[in-house]
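Examination of the molecular architecture
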Amino acid sequence: MSTDSAPLASLEPTRAWEVVLQRIESDLLSGALAPGDHLPPERTLAADLGVGRSSVREALRVLEVLGLIRTASGSGPQSGAIIIARPTGGMSALVRLQVAAHGFAVRDVVKTRLVLESAVVGELAAASEPDLDAALELLDAMEQDAPLTRDEYLTLDQAFHLALAVASDNEVIASMMAGLRDSIEKYVRVGASFLPSWEDTARRLKAEHRAIVAAIQAHDAELARTRIRQHIETYHAETNVSSVHPH
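Residues numbered from 1 in each chain as written. Predicted model: local features only at pLDDT ≥ 70, side-chain atom pairs only at ≥ 80, totals over all residues. Heavy atoms only, no water.

Comments concerning the side chain of Ser 175
- As for its position among the elements, Ser 175 is in helix H8 (residues 171–192).
- For Ser 175, the side chain forms a polar contact with the main-chain oxygen of Glu 171, separated by 2.9 Å. (Helix = DSSP H or I, 4+ residues; strand = E, 2+ residues; numbered from the N terminus. Polar contact = N/O pair within 3.5 Å; in protein donor to acceptor, adjacent residues only side chain to side chain.)

Put into structure tokens, the structure is as follows:
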């Protein structure tokens, strides 16, 4: 297959946490799981699906950011992971299915990100009190003293962008971003392997994330939109991943 026709879906195989996420989403959409139900313990899910417990935890973190589950530590009836909502209108599953079936071109995914995420930060900046707690928690995790691997950082990076979408209170955009998460993360990870210095890029990304949040907190919608566009476009240009897997 030539690179001119290589689909985005071929960038890398499905990762273990995606298997867990797809299983839980499927159960939610089919009605096998409903609000108020508890998910099985991490150990049970890992054994049933043949994945590691770290993969289960990553999937649960994504579901929590999406607002589909709430997790609580300790023991008793309210501990563990509890279903608190269903996927909105099935849109998340629909977009995931489209991505898997068609393998969107990287350039199209980037263009779509620019539209969606510009709208997200604009709406957040216009809100009187945007709820940025989840996004800020993820930024703190990315900036922790303990060193993160490149893949660990990029997983948190995409969770941050998704957390902003969820915080915008625009359910359609949040669902579309959730559905595109896999495609975005694939091209971001592949592109990272072409960087001359991951450490330099990571430092820049951290500063850009904080600058985007600062513009939102300052209620400067135009600045927030400018910064998110530059953030997405600079990484895409730096990695040049479209030339490797264009469409």
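Section: the confidence of the model for the protein chain
- Summary statistics for the protein chain give a mean pLDDT of 82 and a share of 81% for residues scoring 70 or more.
- Segment residues 1–13 is flagged for pLDDT under 50; beyond a separation of four residues in sequence, or across chains, it makes 32 contacts in the model. (pLDDT = per-residue confidence, 0-100. Contact = heavy atoms within 4.5 Å.)

Quick word on the packing of aromatic side chains
- Considering all chains together, one arrives at 1 aromatic pair under this definition.
- When the centroid spacing of 5.5 Å and the interplanar angle of 70 degrees are considered together, the rings of Tyr 153 and Trp 198 count as edge-to-face. Taken together, the residues Tyr 153 in helix H7 (residues 150–167) and Trp 198 in helix H9 (residues 198–217) connect sequence positions 45 residues apart. (Phe/Tyr/Trp six-rings, centres within 6.5 Å; stacked < 30°, edge-to-face > 60°.)

Points about helix H6 (residues 133–142)
- Listing the buried residues of H6 in full gives Ala 135, Leu 138, Leu 139 and Met 142. Summarising the axial view, the buried residues of H6 lie within an arc of 105 degrees, below the 170-degree limit, and thus occupy one face. Residues of H6 that are exposed and point over 90 degrees away from its buried face: Asp 133 and Glu 137.
- Among the structural elements, H7 and H9 are those in contact with the buried residues of H6. (Buried < 20%, exposed > 50% of the residue type's maximum accessible area, 1.4 Å probe, protein only. Arc of directions from axis to C-beta.)

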